[in-house]
Amino acid sequence: MAPAAYVDDDFDESEIDFSDIEAQYAVDVPTTFDTAVVVDGVPIVGEAKMEKLITVIRKTFKNIGDIKENGIHMPRDPKTGMTKGFMFIDFATPEQAALAVKQADGHKFDTRHTFRVNHFDDIERFVSLPDTFEEPPAEEYKEKEHLKSWLLDPRARDQWVMMRGEEVGIYWNNKGEQPDLVHTRNNWSDMYVSWSPKGTYLATFHKQGIVLWGGPSWSKLVRFAHPNVKLIDFSPNEKYLVTWSHEPFTTADGEQHHIIIWDIVTGQQLRSFPTDASSTLGASTSQGTSTVKIDWPIFKWSHDDQYVARMTPGPQGAISVYVTPGMGLFEKKSFKIENVQSFAWSPKDHILSYWVPEKGNIPARVTLQKLATREILRQKNLFNVIDCKLFWQSEGDYLSVLVERAKSKKQTVTNIELFRYREKDIPVDVVELKQGEDVTNLFWEPNGSRFALLSQEGQNKTFVHFYHVVKPGAVKTAKKAAKLTNAEAMGEVKLLKTVEAKGINQVIWSPKGRFCVLGGVRGFQGDLQFWDIEDLQLMNTGEHYMCTDVEWDPTGRYVMSSVSHWRVQNDTGFTLWTFTGQILTRQNVPLFKQLLWRPRPPTLLTPEEQAKIRKNLKEYSREFDEADAAQTSKVSREVLEKRSALLRAWKEYVARCEDEYRKQRNARIEIYGFDPDEEDERAKGEKESLEEWVEEVIEETEEVVE
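**Brief notes about the overall build of the chain**
Then, number 1: Check the secondary structure of the chain and you find 10 helices and 43 strands.
Then, number 2: Every one of the 706 residues in the chain was classed for burial, and the buried ones make up 38%.
Then, number 3: If you take every contact in the chain between residues at least 6 apart in sequence, the share linking residues at least 24 apart comes to 46%.
Then, number 4: Total accessible area on the chain is roughly 44,100 Å²; 51% of this is exposed by carbon and sulfur atoms.

Rendered as structure tokens:
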């Protein structure tokens, strides 16, 4: 018979420590599913194609992160055996799951399926929402800053941004007076700064990406996470931003991309692209590091931000046009153009211009093509072409094509093919240039029909040719026709003036037209010539030694020349000129790097209102002169008030010292045993006064009296 079991009635199990056993056999029960994502928009397939689909999807996500073993689950309908169009993916870490949501959401798997990726925990939260709607608490309205507030300045002044050393500052232009500081920060940008086309945003560059600033307080408006961006490009209406980095990033498809197109208002990435070899102008190697030159901008915008296009040269050449904001290909196909070399949008219309070189017996050609219908509006065949450069006039009325041809094996000639886009059948004028004259650049007058041509003859002669595109005259009577010149009647490109401009390599037009500056910058001596092209008159000349940049203000009243520390290490700073070439101020700024005028948006005045203002300009000029005189008086008054304040402070200081000296009289008597001031007065009284007479012969005259 077995002995009875011993039972200790005083035994308390809660007194025993089981923590070591619990730790050894603990089961990790997850409280959240932060490593899991839900992928919707997956193709619906049967069991036979399920494994193949999972393999393809696994390749799509392999560059984002490591997927756990058996970490992919694709639910099926038990009745039909077909998948349900969504799946679950379990990554190794929560960070990888977050990256999958960021990069793979919106990914186009094929033409009919686009992935929508969400965190699994978010799905649980959405499912657990109550059936009855509960109105959320109303958020307090926070008024946003006026991003164009600088246009409300009572004195209608312009702003500029200046970068010196590590400091970036925004200033009001006060003509010849000291500029007023608006805002400044140290280390505001790691590289350089850039304005948006209408001046709404200031872009700064950082290792993490690009930041846009604006408003009266210069607060951060939006940030674009794209590491080590070197180049940016705004769309004309400031809706979109293109960024380029030399360091590629890996997409959900495993591709290496360098370019991202962003929506500025939302800060969302619209689409990314790789940089192919065709986008580079060349590469050089120095001490093991390669330097690549980019033909920027790679993407070119239409005038209304509706389209953005890029070119693919070579035998499989094409121009790909994308429609914003979806960034889908226009009509789902590119413009196939074999060996296309360069292209440009019309500044006012949805017109593409491009050129292709000769191939065999097929001549080179310049083409104008309408986007909507893909209709070729005009095509010009060219022969013996080496290179072409396209230059649109700002209003889209004319397209100038600078054509370099081979005359012989050693000689080249240059001519201009000018397309009159607004005229019937788009006629083309040909401007022949002198043999042996190499044309380096062409500069259109803003909003005008004149252009400047910069050319070089030999090693030492530089010329600037000014041309005027004459429109065909609208002749209604024989009397008027008799008064028209041949150029006015037929319409032609007329040479206005040729200027020999030694030491000049740039023509910088005023944004309002008519006036321009001929400058020798970046490697030249800094000679400047101020021209009035309306009267064909040289108004003034000047020099800013080793000048690197010349820029007009948005109103066309002032010109800023500067020497940047990035290019020249000595005598850095800037000089402010009037449009006639008079110096207003010259500032030497140590470590000066960059100065950019803040652009202005287009005027809201109608052409009639602008004409009325020009007609009454003398009346407005008197008001402006009075305002300038009042401002000068104000400045002088401020200087006098400052000097008076300093004089009053000095007198108060002297009075305090004298009062303190009088209070210390007893202490001086105690120290000396007498009053030093009385002794000084007595000594002055005892001094002997001496008078000394000095006779001086001023003039002697001898006169003989008969």
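**Some points on helix H2 (residues 47-61)**
Then, number 1: Its 15 residues place the ends of H2 22 Å apart at the C-alpha level, agreeing with the 21 Å of an ideal helix rising 1.5 Å per residue.
Then, number 2: Of all the positions in H2, only Met50, Leu53, Ile54, Ile57, Thr60 and Phe61 are classed as buried. The buried residues of H2 occupy an angular sector of 115° when projected down its axis, which confines them to one face. Facing away from the buried side of H2 by more than 90 degrees, the exposed set consists of Ala48, Glu51, Lys52 and Lys59.

**Some thoughts on empty space enclosed by the protein**
Then, number 1: Within the structure shown, the criterion is met by two cavities of 30 Å³ or more.
Then, number 2: There is about 50 Å³ of room inside the largest cavity.
Then, number 3: In terms of lining residues, the largest cavity is bounded by Trp160, Lys175, Glu177, Gln178, Pro179, Phe574, Leu576, Thr585 and Gln587.
Then, number 4: Per-class residue counts for the lining of the largest cavity are four nonpolar, three polar and two charged.
Then, number 5: Considered as a void within the structure, the second largest cavity measures approximately 30 Å³ in volume.
Then, number 6: Those elements that place two or more of their residues in the lining of the second largest cavity are strand S39 (549-552) and strand S40 (558-563).

**Some thoughts on the nonpolar core**
Then, number 1: Among the nonpolar cores identified, the biggest contains 23 residues, and Val39, Ile57, Phe61 and Ile89 are the most heavily contacted of them.
Then, number 2: Those elements that place two or more of their residues in this core are strand S1 (36-40), H2, strand S2 (67-73), strand S3 (86-91) and helix H3 (94-104).
Then, number 3: The element contributing the most residues to this core is H2, with five residues.
Then, number 4: The residues touching valine 39, leaving out its near neighbours within four places in the chain, are Phe61, Gly85, Phe86, Met87, Ile89, Phe115, Arg116 and Val117.
Then, number 5: Trp355, Val385, Cys388 and Leu399 belong to the second-largest nonpolar core, a separate cluster that totals 18 residues.

**As for the pattern of salt bridges**
Then, number 1: Summed over all chains, the structure comprises 26 salt bridges.
Then, number 2: In this structure, aspartate 153 and arginine 157 form a salt bridge, with 3.1 Å as the shortest nitrogen-oxygen distance. An identical accessibility class is assigned to aspartate 153 and arginine 157; each is buried.
Then, number 3: Among the charged side chains, a network of salt bridges with common partners joins Asp153, Arg157 and Asp180.

**Side note on a negative patch on the surface**
Then, number 1: A cluster of acidic side chains, namely Glu619, Glu623, Asp625 and Glu626, defines a negative patch on the protein surface.
Then, number 2: Looking at the element boundaries, aspartate 625 is found in helix H8 (residues 617-663).

**Some points on the side chain of asparagine 505**
Then, number 1: On the secondary structure map, asparagine 505 appears in the loop between strand S34 (493-500) and strand S35 (506-509).
Then, number 2: Among the polar contacts listed, one links the side chain of asparagine 505 to the backbone oxygen of valine 521, at a separation of 2.9 Å.

**A few points about the sheet that holds strand S30 (residues 428-432)**
Then, number 1: One open sheet accounts for four strands, arranged S27-S28-S29-S30; its pairing is antiparallel. A strand with exactly one partner marks an edge of an open sheet, and here the two such strands are strand S27 (385-392) and S30. Between one strand and the next, the sheet's axes are offset by a mean angle of 20°, whatever the strand orientation.

**Remarks on the layout of surface pockets**
Then, number 1: Volume-wise, the second largest pocket comes out at about 1,600 Å³.
Then, number 2: In terms of lining, the second largest pocket is formed by 40 residues, of which the most central are Gln103, Gln269, Leu270, Arg271 and Ser272.
Then, number 3: Of all the secondary-structure elements, those providing two or more residues to the lining of the second largest pocket are H3, strand S13 (240-250), strand S14 (256-263), strand S15 (269-273) and strand S21 (328-329).
Then, number 4: Counted by class, the lining of the second largest pocket contains 14 nonpolar, 16 polar and 10 charged residues.

**Here's the deal with the packing of aromatic side chains**
Working definition: an aromatic ring pair is given by the centre-to-centre distance plus the angle between the planes.
Then, number 1: What the rule picks out here adds up to 31 aromatic pairs.
Then, number 2: Judged by centre distance (5.6 Å) and plane angle (75°), the rings of tryptophan 188 and tryptophan 213 are edge-to-face. In this pair, tryptophan 188 sits in the loop between strand S7 (180-186) and strand S8 (193-195) while tryptophan 213 sits in strand S10 (residues 209-214), placing the two residues 25 residues apart along the sequence. The pair tryptophan 188 / tryptophan 213 is uniform in exposure class, with both members buried.

**Some points on the environment of leucine 538**
Then, number 1: When you line up the elements, leucine 538 lands in strand S38 (residues 537-543).
Then, number 2: Separated by 42 residues in sequence, leucine 538 and threonine 580 place their C-alpha atoms 9.2 Å apart.
Then, number 3: Beyond its immediate sequence surroundings of up to four residues, leucine 538 is in contact with Gln529, Phe530 and Trp531.

**Details of the pairing of strand S43 (residues 592-597)**
Then, number 1: Here S43 lies mainly inside the structure; five of its six residues are buried.
Then, number 2: Both strand S5 (residues 159-164) and S43 contribute to a ladder of five bridges, which runs antiparallel. Directly across from methionine 163, in S43, lies its bridge partner glutamine 594.

**As for the sheet that holds strand S41 (residues 573-578)**
Then, number 1: Strand order in this open sheet of four strands is S39-S40-S41-S42, and the pairing throughout is antiparallel. In this open sheet, the two edge strands, each paired with only one partner strand, are S39 and strand S42 (583-588). Averaged over all pairs of adjacent strands, the angle between their axes in this sheet comes to 15°, without regard to strand direction.
Then, number 2: Inspection of the sheet shows S39 paired to S40 by four bridges, in the antiparallel sense.

**Quick word on the side chain of histidine 257**
Then, number 1: Its location among the elements puts histidine 257 in strand S14.
Then, number 2: Looking at histidine 257, its side chain comes within polar contact range of the side chain of glutamate 255, at 2.8 Å.
Then, number 3: A polar side-chain atom of histidine 257 sits 2.7 Å from a polar atom in the side chain of serine 272.
Then, number 4: Ignoring any residue separated from it by four or fewer positions in sequence, one finds histidine 257 in contact with Pro248, Phe249, Thr251, Ser272, Phe273 and Pro274.

Each value, and the rule that gives it
- Every chain begins its residue count from 1, and numbering advances along the sequence as written.
- At least 70 in pLDDT is required for a residue's local features to be given in this predicted model, at least 80 for side-chain atom pairs to be given and counted, and no such filter applies to totals for whole chains, interfaces and linings, which use all residues.
- Side-chain measures were taken over the full set of non-hydrogen atoms in the model, leaving aside hydrogen atoms and water.
- In this description a helix means any DSSP run of H or I spanning at least four residues, a strand means any run of E spanning at least two, and both kinds are numbered starting from the N terminus.
- Any residue under 20% of the maximum accessible area for its type is buried, any over 50% is exposed, and the rest in between are partly exposed; the area is computed with a 1.4 Å probe on protein chains only.
- Only heavy atoms matter for contacts: two residues are in contact if any of them lie within 4.5 Å across the pair.
- Each accessible area is a Shrake-Rupley result for a 1.4 Å probe, and residues are judged covered by the shown protein chains and nothing else.
- Expected helix span is computed as 1.5 Å times (number of residues minus one).
- This arc corresponds to the set of directions leading from the helix axis out to the C-beta atoms.
- Grid points spaced at 1 Å and placed over the protein atoms alone form the basis of the search, with a cavity being a set where a 1.4 Å probe fits but cannot get out and a pocket an open set showing protein on both sides within 12 Å along at least five of seven lines. Lining residues have an atom within 4 Å of a point.
- Grid points are joined across faces, edges and corners, and a volume is the space filled by probe spheres set on the points.
- In this count, Pro and Cys sit with the nonpolar residues alongside Ala, Val, Leu, Ile, Met, Phe, Trp and Tyr, while Asp, Glu, Lys and Arg are called charged and the others, Gly among them, polar.
- Buried Ala, Val, Leu, Ile, Met, Phe, Trp, Tyr and Cys residues that are joined via side-chain atoms within 4.5 Å together make up what is termed a nonpolar core.
- Salt-bridge detection follows one rule: a side-chain nitrogen of Lys or Arg within 4 Å of a carboxyl oxygen of Asp or Glu.
- Like-charged residues are merged into a patch within 9 Å and nonpolar side chains (Val, Leu, Ile, Met, Phe, Trp, Tyr) within 5 Å, provided each residue has over 30% relative accessible area and no salt bridge.
- For the charge count, each Lys or Arg is scored as positive and each Asp or Glu as negative, with His and the chain ends excluded.
- By convention, charge coordinates are those of NZ in Lys, CZ in Arg, CG in Asp, or CD in Glu.
- The definition of a polar contact used here is a pair of N or O atoms within 3.5 Å, where within protein one atom must be able to donate a hydrogen and the other to accept one, and adjacent residues in sequence count solely through side-chain atom pairs.
- Pairing between strands is defined by DSSP: at least two bridges between the two strands are required.
- To obtain each axis, a line is fitted to C-alpha atoms, and for helices this fit is confined to the stretch in contact; angles are then taken between N-to-C directions over 0 to 180 degrees.
- Pairs were defined over the aromatic rings of Phe, Tyr and Trp, the Trp ring being its six-membered one, requiring ring centres within 6.5 Å. Orientation was assigned from the angle between planes: stacked under 30 degrees, edge-to-face over 60, tilted for the rest.

Scope: geometric values only; no functional claims are made or implied.
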